[in-house]
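One letter stands for each residue in the lines below.
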Amino acid sequence: MKPDWKVASLCLVGALLFWLMNALNKEGYSARLAYPLQVAYDDSLYVPTSPLPRQIQASITGNGWDLLWRTLSLGNQPITYAITNPLHTKFINTASLTNLLSDQLKETQVNYIIADSLDVSFERRVVKTVKLQADTSAVRFPRHFVISTVINVIPQSITVEGPESAMREVPNTILIPLPKKISGDFDERLAIPYVNAPNVNATAKQVNISFEIAELLSPPPGSK
């Protein structure tokens, strides 16, 4: 009599599932899992000067089904770690993280937090309004030509914000350098210096500058 391979296969699958379910029902399994981390601080007063950690690694022990569920990230809620004094905080405390995670995982034992990179750095957030001005001091125009209209600068000012150390480099008036040679009426968008520095944000990164030039009707005194 030939064996029924389909029946044998189903029996084997059933036996494996039965074994797996019994195994997952047992306690005492350990795993290393990743959990999303959210660092809370007063962002109206402070700004991080290095990227904040977005997740932590934790060694946990518990029921097989629970670990499988969490390994698949089907229920891992972000852990919120509050920093109340950012200027005096240099790292995230792993003991506090362990307590926070333990409170969240009621039926799972948190063994320890694996500290890969939990350093943090903050500075005071500084906001200032900066005037924009065209710098024509190095521009060379065609002979006997001069700027004949008002120099339009749009926007005339911007709001710049960032960490205190970076904002010390931002002057109250930013001079926008123009091309060294201009041979006709000018209308261009130019990059604003300083606003592309790390951690510095501005309401605009470019400015539009326009003006017209015209030839003098009579050469200036002393010119040939």
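Predicted model only: the values in this text are computed from it and were never measured.

How each quantity is defined
Residues numbered from 1 in each chain as written. Predicted model: local features only at pLDDT ≥ 70, side-chain atom pairs only at ≥ 80, totals over all residues. Heavy atoms only, no water. Salt bridge = Lys/Arg side-chain N within 4 Å of Asp/Glu carboxyl O. Helix = DSSP H or I, 4+ residues; strand = E, 2+ residues; numbered from the N terminus. Buried < 20%, exposed > 50% of the residue type's maximum accessible area, 1.4 Å probe, protein only. Contact = heavy atoms within 4.5 Å. Pairing = 2+ DSSP bridges. Axes fitted to C-alpha atoms, helices over the stretch in contact; angles between N-to-C directions. Phe/Tyr/Trp six-rings, centres within 6.5 Å; stacked < 30°, edge-to-face > 60°. pLDDT = per-residue confidence, 0-100. Core = buried A, V, L, I, M, F, W, Y, C linked by side-chain atoms within 4.5 Å.

The subject of this paragraph is the pattern of salt bridges. Tallied over the entire structure, the rule returns 1 salt bridge. For Glu-161, the salt bridge is made with Arg-125, and the minimal N-O distance between the two is 2.9 Å. Remark: Arg-125 occurs in strand E6 (residues 122-135) and Glu-161 occurs in strand E9 (residues 157-163); sequence separation between them is 36 residues.

A few words now on the side chain of Ser-210. Its place among the elements puts Ser-210 in strand E13 (residues 206-211). Looking at Ser-210, the relative accessible area reads 14%, which means it is buried. Here Ser-210 is in contact with Val-150, Ile-151, Asn-152, Phe-186 and Asp-187, once residues within four sequence places are set aside.

Pairing between the strands of a sheet is mediated by backbone hydrogen bonds and can be parallel or antiparallel. Read from one edge to the other, the open sheet built from 3 strands follows the order E8-E13-E11, with strand pairing classed as antiparallel. Both outer strands of the open sheet, strand E8 (152-154) and strand E11 (186-191), are each paired with one neighbouring strand and no more. The average angle at which neighbouring strand axes cross in this sheet is 20 degrees, direction not considered. Pairing between E11 and E13: 6 bridges, direction antiparallel. Looking at E13, one finds that Glu-188 is bridged to Ile-209.

Inspection of every chain in the model, using the stated rule, returns 3 aromatic pairs. Seen in terms of ring centroids, Phe-141 and Phe-211 are 6.4 Å apart; in terms of plane orientation they differ by 80 degrees. Their pairing is edge-to-face. Linking Phe-141 in the loop between E6 and strand E7 (145-147) with Phe-211 in strand E13, this pair joins segments that are 70 residues apart in sequence. According to the relative accessible area criterion, Phe-211 is buried, its value standing at 3%. The interplanar angle of 20 degrees and the centroid separation of 5.3 Å between the aromatic rings of Phe-186 and Phe-211 together place this pair among those described as stacked. With Phe-186 in strand E11 and Phe-211 in strand E13, this pair connects stretches of sequence that are 25 residues apart.

Moving on to the confidence of the model for the protein. Mean pLDDT for the protein: 82, with 76% of residues reaching 70 or above. Residue range residues 10-25 is modelled with pLDDT below 50. Its contacts to residues more than four positions away, or to other chains, number 8 contacts.

What follows concerns the environment of Val-110. Along the chain, the position of Val-110 falls in strand E5 (residues 109-114). Expressed as a C-alpha distance, the spacing of Val-110 and Ile-60, which sit 50 residues apart in the sequence, is 4.4 Å.

This next bit is on the nonpolar core. Judged by nonpolar contacts, the single largest core of 24 residues is most densely connected at Leu-132, Ile-158, Ile-176, Leu-178, Ile-192 and Ile-209. Listing elements by their share of this core, those giving two or more residues are E6, E9, helix H4 (164-167), strand E10 (173-177), E11 and E13. Sequence-distant contacts of Ile-192, defined by excluding residues within four places in its chain, comprise Leu-132, Ile-158, Ile-174, Ile-176, Ala-204, Lys-205, Gln-206 and Val-207. One finds Leu-37, Val-39, Tyr-46 and Leu-105 within the second-largest nonpolar core, a separate group that totals 21 residues.

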